[in-house]
Amino acid sequence: MGHPMGALNAQQSGEVLRRIASRTGSADVHTSVDDFLRDNASLLRPIRTLIAGLLFESLYERDNENHQQWNLRQQLTRFKFNAPGDGRETDNWVRLFVGICRPMLNKVAEGKLSPVTVISFNYDRVMETVLSHFWTQTERPYPPLDQCFKFLHPYGAFGELPATVTDAGEWIKAQAANIGLADGKGTQEATNIEAALTEAKQIFSLGFSFTDTNTQLLGLTNAHGPRLFAQNFGKDQRVTRTLHRLGAAATEAGSIPQLVRSGFFELEGP
């Protein structure tokens, strides 16, 4: 794999890594990588390159015959898979999610289709990739994926995940440039997000920790509460208090596959 940190020599790379280690050691007080990048803007480039490299290793595997080629991991579209950064095997919830979307589409009157807006703080675009894989695997025609879903990434994201990558170092550098600093306020994406939340009939929160930085970016207030349905996996007490302050309509614990099966996504707002 080509050097993902660009033209840095060994001494420069070592110095950058020492700076990162010193900032992320015992003196680090941040609750998320977003807050860390907000307060350490000089480390944005190397940190986002490291993030891109780690995600690449989770998303791709080296081809057995052509060692210069990397292939998108087949497990991403299997019934069970390991999410990037998580070694635990779980049901492929995106596949299950496609299964509950189709009956909902059947209830939509012609010309009344309104896309689901997905606000993702993830950089990897796994959801889009897996959705694209399963969406068309049916005899019955359904509206194209881009008419049914709209993805917004407040902090940036990878481009589309190709089936194969031949120059891993260059690909990682290119994707790292798409990872933004954790301050999405005042951007067109932030404006689109605010409009989407204002217009939404239901707001579903999955794996969202409700840190102050990200909650403020979304513009969440108690006006959204009656439409907010949240996953509070593990019953995080700080998240519980935040959801109570916002007046969330409902909270449920459990993995995302469990929520799909329990009808969580079928809840309706006022």
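All values derive from a computational prediction rather than experimental measurement.

Rules used throughout
- Residues numbered from 1 in each chain as written.
- Predicted model: local features only at pLDDT ≥ 70, side-chain atom pairs only at ≥ 80, totals over all residues.
- Heavy atoms only, no water.
- Helix = DSSP H or I, 4+ residues; strand = E, 2+ residues; numbered from the N terminus.
- Buried < 20%, exposed > 50% of the residue type's maximum accessible area, 1.4 Å probe, protein only.
- Areas by Shrake-Rupley, 256 points an atom, 1.4 Å probe, with all protein chains shown as cover.
- Pairing = 2+ DSSP bridges.
- Salt bridge = Lys/Arg side-chain N within 4 Å of Asp/Glu carboxyl O.
- Polar contact = N/O pair within 3.5 Å; in protein donor to acceptor, adjacent residues only side chain to side chain.
- Contact = heavy atoms within 4.5 Å.
- Phe/Tyr/Trp six-rings, centres within 6.5 Å; stacked < 30°, edge-to-face > 60°.
- Lys NZ or Arg CZ within 6 Å of the ring centre and 35° of its normal.
- Axes fitted to C-alpha atoms, helices over the stretch in contact; angles between N-to-C directions.
- Parallel < 35°, antiparallel > 145°, perpendicular 65-115°, else oblique.
- Left-handed = near helix turned anticlockwise from the far one by under 90°.
- Nonpolar A, V, L, I, M, F, W, Y, C, P; charged D, E, K, R; others polar.

Visitor: I would appreciate a short explanation of the overall build of the protein chain in the present structure.
Guide: Summing up its helical and strand segments, the protein chain has 11 helices and 10 strands in all. The 270 residues of the protein chain split such that 42% are buried. Within the structure as shown, the protein chain displays about 15200 Å² of accessible surface, and the carbon and sulfur contribution to it stands at 50%.

Visitor: Please explain the sheet that holds strand β2 (residues 70-72) as it appears in this structure.
Guide: The sheet built from 3 strands is open, its strands ordered β1-β2-β7 with antiparallel pairing. With one partner strand each, in any of the chains shown, β1 (60-62) and β7 (164-165) form the two edges of the open sheet. Inspection of the sheet shows β2 paired to β7 by 2 bridges, in the antiparallel sense. Within β7, the residue paired with W70 across the bridge is V165.

Visitor: What exactly am I supposed to notice about the pattern of salt bridges here?
Guide: When charged atoms on two side chains of opposite charge get close, those side chains can pair. Using the criterion set out here, one finds 5 salt bridges in the structure. With a closest N to O distance of 3.0 Å, E128 and R125 form a salt bridge. By relative accessible area, which is 25% here, R125 ends up partly exposed. Three or more residues joined by partner-sharing salt bridges are found here, namely K80, D91 and R261.

Visitor: For this particular structure, what's the right way to read the side chain of Q69?
Guide: Residue placement: Q69 occurs in the loop between β1 and β2. Among the polar contacts made by the side chain of Q69, one reaches the side chain of N71 at a distance of 2.9 Å. In this structure Q69 touches E61, R62, D63, T164, V165 and T166, once residues within four positions along its chain are discounted.

Visitor: Where do I start with the packing of aromatic side chains in this structure?
Guide: What describes a pair of aromatic rings is the distance from one ring centre to the other and the angle between the planes of the rings. This structure, assessed with the given rule, holds 17 aromatic pairs. Relative to W171, the ring of Y60 lies with its centre 5.6 Å away and its plane at 65°, an arrangement referred to as edge-to-face. Here W171 lies in helix α7 (residues 168-176) and Y60 lies in strand β1, a separation of 111 residues in the sequence. Among the aromatic residues, ring-to-ring pairing joins W93, F97, W135, F149, F151, F204, F229, F264 and F265 into one connected group. The ring of F79 has R95 sitting right over it, with the charged end atom 3.8 Å from the ring centre.

Visitor: How do you make sense of the packing of helix α4 (residues 93-106) against helix α5 (residues 126-135) when you look at a structure like this?
Guide: The axes of two packed helices give the description: the angle between them and the distance between them. One can describe the packing of α4 onto α5 by two numbers: an axis separation of 9 Å at closest approach and a directional angle of 60°. The angle between the axes of α4 and α5 places the two elements in the oblique class. Remark: the crossing between α4 and α5 carries right-handed chirality. Contacts between α4 and α5 involve W93, V94, R95, F97, V98, C101, R102 and L105 from the first element and M127, V130, L131, F134 and W135 from the second. For the contact of α4 with α5, a count of residues per class yields 11 nonpolar, no polar and 2 charged.

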